[in-house]
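A closer look at the structure
Now for the letters of each chain:
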Number of protein chains: 2
Amino acid sequence: MVTIYDIAKHSGYSIATVSKALNNKHVSDKARVKIMDAVNELHYTPNSSARTLATSKSWIIGIVFDENLGFGLAHPFFSQVIEGFKKHVELYNYDLLFVSRHMGLQEETYKHLLHRGVDGIAVIQSFGEDELRDINMTIPAVYIDRPTSEPGSVYSDNRSGSRLAVNHLADCGHKKIAHIMGDQTTYAGIQRAEGFKEAMAANGLEVRPEYLVDGGYYSQAGGREAMIRLLSLEDKPTAVYAAGDEMAIAAIRVIKESGLKVPEDISVIGFDDIKLAQHIDPPLTTIRQDKEMIGRQAAIMLLDKISHTEESGKDIRKMVPVTLVKRQSVKRIN
Amino acid sequence: MVTIYDIAKHSGYSIATVSKALNNKHVSDKARVKIMDAVNELHYTPNSSARTLATSKSWIIGIVFDENLGFGLAHPFFSQVIEGFKKHVELYNYDLLFVSRHMGLQEETYKHLLHRGVDGIAVIQSFGEDELRDINMTIPAVYIDRPTSEPGSVYSDNRSGSRLAVNHLADCGHKKIAHIMGDQTTYAGIQRAEGFKEAMAANGLEVRPEYLVDGGYYSQAGGREAMIRLLSLEDKPTAVYAAGDEMAIAAIRVIKESGLKVPEDISVIGFDDIKLAQHIDPPLTTIRQDKEMIGRQAAIMLLDKISHTEESGKDIRKMVPVTLVKRQSVKRIN
DNA sequence: TTAATTATGTAAAGCGCTTTCGATAGGAGA
DNA sequence: TCTCCTATCGAAAGCGCTTTACATAATTAA
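Criteria and cut-off values
- Residues numbered from 1 in each chain as written.
- Chains lettered and ligands numbered in written order.
- Predicted model: local features only at pLDDT ≥ 70, side-chain atom pairs only at ≥ 80, totals over all residues.
- Heavy atoms only, no water.
- Salt bridge = Lys/Arg side-chain N within 4 Å of Asp/Glu carboxyl O.
- Helix = DSSP H or I, 4+ residues; strand = E, 2+ residues; numbered from the N terminus.
- Buried < 20%, exposed > 50% of the residue type's maximum accessible area, 1.4 Å probe, protein only.
- Contact = heavy atoms within 4.5 Å.
- Buried area = accessible area lost by both parts, 1.4 Å probe.
- Polar contact = N/O pair within 3.5 Å; in protein donor to acceptor, adjacent residues only side chain to side chain.
- Phe/Tyr/Trp six-rings, centres within 6.5 Å; stacked < 30°, edge-to-face > 60°.
- Lys NZ or Arg CZ within 6 Å of the ring centre and 35° of its normal.
- Near = heavy atom within 4 Å.
- Nonpolar A, V, L, I, M, F, W, Y, C, P; charged D, E, K, R; others polar.
- Least-squares fit on C-alpha atoms with pLDDT ≥ 70 in both.
- Pairing = 2+ DSSP bridges.
- Axes fitted to C-alpha atoms, helices over the stretch in contact; angles between N-to-C directions.
- Parallel < 35°, antiparallel > 145°, perpendicular 65-115°, else oblique.
- Left-handed = near helix turned anticlockwise from the far one by under 90°.

1. Examining the pattern of salt bridges
A full pass over the atoms with the stated rule returns 24 salt bridges over all chains. We note a salt bridge from Lys256(A) to Asp281(A), for which the minimum N-O separation is 3.5 Å. Linking Lys256(A) in helix α11 (residues 245–257) with Asp281(A) in the loop between β9 (267–272) and β10 (285–288), this pair joins segments that are 25 residues apart in sequence. What makes Lys256(A) partly exposed here is its relative accessible area of 39%. Look at Asp281(A) and you get partly exposed, because its relative accessible area is 38%. Note that Glu257(B) and Arg224(B) form a salt bridge whose closest N and O atoms lie 2.7 Å from each other. In this pair, Glu257(B) sits in helix α11 (residues 245–257) while Arg224(B) sits in helix α10 (residues 220–231), placing the two residues 33 residues apart along the sequence. Look at Arg224(B) and you get partly exposed, because its relative accessible area is 31%.

Rendered as C-alpha cells:
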C-alpha cells in the first residue's frame, strides 16, 4: 500500500505538507504540483480509516431498516426512498452503509453504527417505538415514514391522502365506503385511518364500524383477509379505500373472484402508487407518495443536522404532499 | 467517546490486555470478567476505524452497480440479488457499502473503494468492459450477471432459459417465433439471443431475420418499440419471446392496443419473473431467474476469495439454473 | 539597510486500536 | 531449596493520517 510517506519521500516534502496539499490547505503552487505528480505517479489513494481516525469524520451514513417485516432492500417503497436519499447525499460525498442486523435489537444496531463511526443515520421503519432514542443517541438521525419524539423526520401527508381518497369517492357518489386499515401500530396506518374518519365526517358520511377492517402489515395476504370479511357483510360497501396498494390489489382480486366487478360493483382506491398499480386490471386509482422526494428531504434534513450539529431548527418534521392519481378502479355511481 | 484506555483504567489492566480480552485471545478468567464489566458499565464500543487501521481488515464489502442505466437500488432484479447477497454476508459480520459514483468512470469508483479499504467488491453491471480489471485490481471481487475474464462471477443460465422458452413455445405448436432481444452489448442479452437461435434450430424452426428485433436495455420503452416493429410486419409471428419481463409486458400492451389478443392471437413469454409478471393481464409466462440464489452464490464466492486470498479455485464461474413458470400468456395453437 | 510581516514548510503529538516481545510471578520438578 | 517452565500481563511500536505550534525563508515597509 502506498502511503502519505511515500508521497512525501517521492516529492521531497514532508508528510504534513503533503497532507495539506491533499486537503486543499494553502501550500505553494510549486509544492502542490510536485506532490500531485507524485500522487498520480504512485497511484496514491488516502486511507479512509486513518483519516477518519484522525478527524472523527467518516463520510458514511448508516441506513437502518427493519427487515423483520420484509422492509428490506427489495421493498418497492423503501428502496425508492433510499434511492432518492442516496442521490442527494452522494452529491456531498457521503457513502451509504447498510449494516447487518444480527436479528432484532435496535440497541445492537445502534452500537454497531457507533462502532462504525457513521456521521449520520437514516432510519426507515414505520412502526414500533423510538427505540434508538432511548439509547441516548448522539449521532444525528432522521426518521423516515413516521414522526418521532425528537426533531428529524419526514413522511407523507397521510391524513391529506385519506381526505383525497374519500373526497374522490364521495364526489363519485359513493356513500358506503369501507376502509382497509394499515396496521394500527404503524404511524402511517393510524394517520390514514384517522384521516379517513375525518374526511367521512366532513362529507357528512357515516363510518360504520363493520366497514373498518384491519389489513395488517400492508401485504396482499392482509388485504385479502380484510376484503373477504367485507364481502361477507350483508350490506356491502360500494367503495373501499385501502391504506396500501398491495392491499388494494389483493382486494380487487378477491372481489373479482367473488364474481363481482371492479369498478362496476365496487370501487377500489389504494395508497402508495407502487409500480404495479398501473399494470393491474383495472389500473388502480391511488394516492401517490413521492418516494424520491421523501428520500431527498430526509437527506437534506440529515445533512443539515450533521453540519449544524448544535440543535439546528428545533422541531423539524417535514411532511411531503401526496397526490391523487385517477385510473380506472373507481367509478361514479348514482 | 469512551476508548480502550478508559476500559484499561477502569478495569485496572493495560490496554493490551483489554484488547486481547475483547478479541478472545487468552487472558485469565479474572481479567476477562473485570474487563467485560468495565465494558458494559461504560458502554464501550470499539472504534472500527482504529481497528481497521491496525489490522487492515474492514469487514466491509463494497457494492458497485451501474446507475447510469437505472440499475440502481430500486431495480426490481438487482435489489433482490443484493438482498440475497446481504443476507449471506451478514452472517459473517460484513456490512455493505454503497459508494457514490460521481458519474461514470470505473476507475474513480475503484479508487474510492480502495480508499475505503473494503475487503471485497461485488459488481452488478451486466454490460460494458471489465474496466475494473484493467486497473490492476487487487481487491477480491465477484461479478454478478455476467462472466468475466478473471475468476469470480455468477449469473443465470441464460442459454438454457432461452431453450426453455423456445421449447415451450414449440411444444405449443408455434413455428413463427420472434425474439425481442436484450441489448447486445450485455452478456445476458447476447446469451439469450444465442440460446434462442440454437433452440430454434434444435426444433427445426427457422429464425427469420425480421423476427429478431433489438429491445435495448430491457425497458418498457424498448419493448414497445420492438413490438411495434414486429406488428408492422406483413407476416406476423404467432409468438414472441422477450429477453426481459419489462419488455414482454410492454409488448403485451402494444399487442392489446393494436386490437389483437394475448394469448389468443399472439403468445408472449418473458424472462426474469419480476413481481409484476403475475399481476398483469394475462399473467405472464416467463423464465424465472433465482435472484436470491444468485446473490447468495455471489456472496459465498466472494467470502471464499476473501479468506483464501491465494488464488483459490481457478476459474470459478457459477451458473444458476432458471425455470419456466407457466402462466397464461402462452397458448397452444394448431 | 534593518526591522517587521507574511508566506511556506516541518516536527511532533495524537486519533484508538493490535501485536510482538519481553518481564514477572507463580508453580512444577529435581 | 533452587532452577526452569508456564501462564499472564504490559511496554512500546506501528497502522496512515491531521493538525498545532513553531521555525525559517521571503517580502515588504521604513
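2. Re the interface of chain A and chain B
Many structure descriptions define interface size as the accessible area lost when the parts assemble. The partner chain B presents 47 residues to the 47 residues of chain A that form the contact. Carbon and sulfur atoms make up 52% of the area that chain A and chain B hide from each other, which totals about 4300 Å². At the junction of chain A and chain B, the tally comes to 4 salt bridges. The shortest N-O distance in the salt bridge between Asp95(B) and Arg116(A) comes to 2.9 Å. Where chain A touches chain B, the interface holds 22 residue pairs in polar contact (both at pLDDT 80 or more). Elements that contribute at least two residues to the side of chain A that touches chain B include exactly α4 (48–55), α5 (76–89), β2 (95–98), α6 (106–116) and α11 of chain A.

3. Some points on the packing of aromatic side chains
In the structure shown here, the tally under the stated rule is 9 aromatic pairs over all chains. The interplanar angle of 65° and the centroid separation of 5.0 Å between the aromatic rings of Phe77(A) and Phe78(A) together place this pair among those described as edge-to-face. The exposure classification of Phe77(A) matches that of Phe78(A), with both residues buried. For the ring pair Tyr155(A) and Tyr187(A), a centre distance of 5.2 Å and an interplane angle of 75° mean the geometry is edge-to-face. You can see Tyr155(A) sitting in strand β5 (residues 153–156) and its partner Tyr187(A) sitting in helix α9 (residues 187–202), a full 32 residues away along the chain. Of the two residues, Tyr155(A) and Tyr187(A), neither departs from the other in class, the shared state being buried. A cation sits over an aromatic face here: Arg192(B) above Phe271(B), 3.7 Å from the ring centre.

4. A few points about the protein's contact with DNA strand C
The local shell around DNA strand C holds 29 residues, among which Lys20(A), His26(A), Ile4(B), Ser19(B) and Tyr44(B) are the closest. Near the protein, meaning within 4 Å, the atoms of DNA strand C are sugar or phosphate in a fraction of 66%, with bases accounting for the rest. Here Lys20(A) contributes a side-chain N or O atom positioned 2.5 Å from a base oxygen of DNA strand C. At 2.5 Å, a side-chain N or O of Ser19(B) approaches a phosphate oxygen of DNA strand C. Of all the secondary structure elements, the ones that give two or more residues to the surface near DNA strand C are α2 (15–22) and α4 of chain A together with α1 (4–11), α2 (15–22) and α4 (48–55) of chain B. Tallied by class, residues from the surface near DNA strand C come to 15 nonpolar, 10 polar and 4 charged.

5. Some thoughts on the relation of the copies chain A and chain B
Rotating chain A by 180° and translating it 0.1 Å along the rotation axis places it on chain B, where the RMSD comes to 0.1 Å. The symmetry that links the two subunits is that of a two-fold axis. In this assembly, 100% of the residues forming the interface of chain A have copies in chain B that are likewise at the interface, indicating an isologous arrangement.

6. What about the sheet that holds strand β8 (residues 239–242) of chain B?
Residues and elements named next belong to chain B. Here we have 6 strands laid out as an open sheet, ordered β7-β6-β8-β9-β10-β12, and mixed in their pairing. The open sheet has two edge strands, β7 (212–214) and β12 (323–325), and neither has a second partner. Within the sheet, the average angular offset between the axes of one strand and its neighbour, ignoring direction, is 20°. Where strand β10 (residues 285–288) and β12 come together, 3 bridges link them in antiparallel fashion. Each bridged residue has a counterpart across the sheet, and for Arg-288 the counterpart in β12 is Thr-323.

7. Observations concerning the protein's contact with DNA strand D
What surrounds DNA strand D is a group of 29 residues, the closest being Ile4(A), Ser19(A), Tyr44(A), Lys20(B) and His26(B). The protein-proximal atoms of DNA strand D, defined as those within 4 Å of the protein, are 69% sugar or phosphate. Contacts to DNA strand D include Tyr5(A), whose side-chain N or O atom sits 3.4 Å from a base nitrogen. At 2.7 Å from a phosphate oxygen of DNA strand D is found a side-chain nitrogen or oxygen belonging to Ser28(B). Secondary structure elements with two or more residues in the surface near DNA strand D: α1 (4–11), α2 and α4 of chain A together with α2 and α4 of chain B.

8. Here's the deal with the packing of α1(A) against helix α3 (residues 29–42) of chain A
Residues and elements named next belong to chain A. Where α1 contacts α3, the axes come no closer than 9 Å and their chain directions differ by 125°. The angle between the axes of α1 and α3 places the two elements in the oblique class. Here α1 and α3 pass one another in a crossing that is right-handed. Mapping the contact onto sequence places Asp-6, Ile-7, His-10 and Ser-11 in α1 and Lys-34, Ile-35, Ala-38, Val-39, Glu-41 and Leu-42 in α3. Taken together, the residues of the contact of α1 with α3 break down into 5 nonpolar, 2 polar and 3 charged.

As far as function goes, none of this settles anything; it's purely spatial.
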